[in-house]
Every structure is written in C-alpha cells, then in structure tokens.
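Observations on chain architecture
So the chains spell out like this:
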Amino acid sequence: MTQGAHPSPARRTVLGAAGAAAVLGATTVLPAGTAHADEARGGEDRGGRGRGYRSLPVPTVIAHRGASGYRPEHTLGSYRHALDLGAHVIEQDLVPTRDGHLVCRHENDITGTTDVADHPEFASRKTTKTVDGTSYTGWFTEDFTLAELKTLRAKERIPGTRQENTLYDGRWTVPTFEEVLRWAEDEGRRRGREIWLHVETKHPTYFRGLGLGLEERLAGLLRRYGRHRANSPVFLQSFEPSSIQRLAKLVDSPRVVLLSGAATRPWDFVRAGDPRTVADLVTPAGLNWIASYAQGIGPTLDLVIPKDAGGRLGTPTTLVRDAHAEGLILHPYTHRNENAFLPADFRRGTDPNAYGDAFGALKRYLETGIDGIFSDNADTALLAAADLTARD
C-alpha cells in the first residue's frame, strides 16, 4: 500500500461543519435490489423513522464491546455505561449457543470472560477446538444451551491490565442479542434518541459448518425489531466478506467489512482458496469490490498509519483517501488508553497498564480523516474528537 499525506484541513472542516452528511463524498454502491434509492442516501423511510448513518457525528465514536475500559465487556452494564459516557454507537460481537440463540461475546471461547471454570457441573464441557485454524482449550458457547449459559456470570477478560474492572465481576449475565435489541429500544425511549449498534458476526464460516449459520438468525432479529432497513440505526460487520455479502441479500442495514493485518487472509478466503490478502483488499481495485456490497470498512489502525520497527507511528497510507473515493466510510479499530496498547511514541512511563498520551495518539489518527473509531474508552475518544472539530 502506497504512502500518502494527511488530508487537507479544508476537508476536515467540511466534515466537522456538515457532519455525517459529508461522510461518503460519493454515492454509496449497493447491490441491485437491496434498497430504495432514498434509503441508500440515508434519508427517512416512508414511515418517517431514522435518518441513516450519514446523520452520525464525524468522527463517530464507537464503544468497543461497550465501555470495556471501565466495565467487563459485552454486558448490559458495559453498554449502558458507554451510553452514559456519550458514545455514538455501541458494538456487539455475536456467537451462537447450541440451541441457536445469538449471544454477545467477543469469542465463542468463554473461558476468560465468564465464571464457567467455577461451575463443576460444566467441568466435562472443557475441550480443545480448532477455530479458524487456531487451537483453543476451554469452554465454548456452541456447547451450551441458552438456559445453561444464563447460569454463568460475566467477568473482566484482562484483569491484570484492568484490575478496577474486576469490581464488577459476577454482576451481569451474558446477554442475548435479542435482549440487547430490547434494551436499545428501552434506552432510546428513555434518552429520546436512536441507540446505534455495531454488530459483528464472529467466525461465520466455522459456525455455518456446525449448522449454526449466523446471518439468517441475525437478519431475522433485525427484521423483528425493525433494524433491517438502509436507514436503520445499526451497522453489520464481519472479518469475512462472504458473511457481509450474505447479509446484503437478507437485509438492507449498512454493512462494514473488517480488515486485519495486511498480510492476513480472511478465513472464508482461506477455506475457498481465494489467494487475496488484506493488502489486496485495500488497493483501489479491492476497495471498489468491497463497495459493491458494503458501505464501509473497519481497518486495523495500522492500515491507516503503520508503525516502524520501534512501534512508533509513521506516515499515513492513502487508505482514507482511496476508501472515500469509492464511497466507503472508515471505522478503524481499536483505541485504548493503556501504554500497552498505544504506539511507542505515545507511551508514558514504564508501567504497561498505566495510561499514556492517548490524546496525542488519537489526534494523529483522527487527523487522517477517518469517519469514526472504535474505542475502549469512549470518553477519551469523544474529547479528542471535540478537540479536532474545535480546531477545524
């Protein structure tokens, strides 16, 4: 991927002043027959509901697994706290139970995010599985019914880094996505605004092989709760392009292709024998292909600004410019406040768990013209976004 310069201040000024109406900078390309033209433009549908993703502030702050810097991830407590902090969008990751319910966990391996190891009645469920080519030993959602899973309690995933979060261990259960949809409706009424969700299908090829296809189940819930339209307050995301293509045939909700490291291949490409890597997908030709069925990309931050051998931020690539040229929005991942997760030039002190110069790093990323960012610390990202728009 070629290197490029920062976008001009004038462009950022337009984004800040005009808000989300200027996010795309080009007509969104949708598969034929998936949405009415007025909905594709982010306008209101004939029922008068929703203004579409162009109505979101730019840059959009997406609460990564909720307020996961402050509460155990993927719990209603984490989601609610993210709203209290002011996040524009709340993320969910979906995996299935044995009886086909979609639940919110970052992975189907629940060893580190629940108290399952403390339940002797489930000791025999511990096993080793290969998921997307990697071996894991633990307990997995697809081996539990929803009723069984609901006997477990959520806990902090990285207690060594976020010791304060362990205060909330055991406070919440694992939510189903349907519970989140009902929660979002209730919160929307209480707060007087749409509650936006950013929903990821996790390991869709793996689960389809088990007879637990995610897309049809997800589409059914979106239709049941009225989030299946092009202007619905939801993004659908996946690291597997074929999952997004499948969803494009089922619902009109906005769709985002997630992109990992440049040298990696999406797992569905591996299984299908497709030789393309992420590096191929972030070329103009690759982005044009993505734009034929999706409205955005979610690249790792390293694809926006690569790091040098010492872990320091280098020169931004042309990805923002190239994606915008194809009408795609960019929601890169993931900002976190702790030194361990920051570029080397923004770490402060020697404690990896201490906060570094998160604002400095965010300034560099937001100045590239990205349309949003996933953050474990939504309040920090919101302040950085306010700094950017104030300067513009």
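In what follows, the accompanying structure is described. Everything quoted here is computed from the prediction, not taken from an experiment.

Below, the discussion takes up the overall build of the chain. Each helix and strand in the chain was counted, giving 15 helices and 11 strands. Looking at the chain residue by residue over its 392 residues, the buried ones come to 57%. Intrachain contacts of the chain at a sequence separation of at least 6 include 68% that bridge at least 24 residues. Element-wise, carbon and sulfur atoms account for 52% of the exposed surface of the chain, whose accessible area totals about 15,300 Å².

Okay, the pattern of salt bridges next. Counting across every chain of the model gives 27 salt bridges. The residue D186 makes a salt bridge to R189 at a minimum N-O spacing of 2.4 Å. With D186 and R189 both in helix 5 (residues 177–191) and three residues apart, the pair spans about one turn of that helix. Measuring nitrogen to oxygen at the nearest pair gives 2.6 Å for the salt bridge that ties E187 to R191. In this pair, E187 and R191 both sit in helix 5, four residues apart, roughly one turn of the helix. Classification of E187 by relative accessible area gives buried; the value is 4%. If you follow the salt bridges from partner to partner, you end up with R80, D84, E187, R190 and R191 in one network.

Criteria and thresholds
- Residues numbered from 1 in each chain as written.
- Predicted model: local features only at pLDDT ≥ 70, side-chain atom pairs only at ≥ 80, totals over all residues.
- Heavy atoms only, no water.
- Helix = DSSP H or I, 4+ residues; strand = E, 2+ residues; numbered from the N terminus.
- Buried < 20%, exposed > 50% of the residue type's maximum accessible area, 1.4 Å probe, protein only.
- Contact = heavy atoms within 4.5 Å.
- Areas by Shrake-Rupley, 256 points an atom, 1.4 Å probe, with all protein chains shown as cover.
- Salt bridge = Lys/Arg side-chain N within 4 Å of Asp/Glu carboxyl O.

All quantities given are derived from atomic positions and should not be read as evidence of function.
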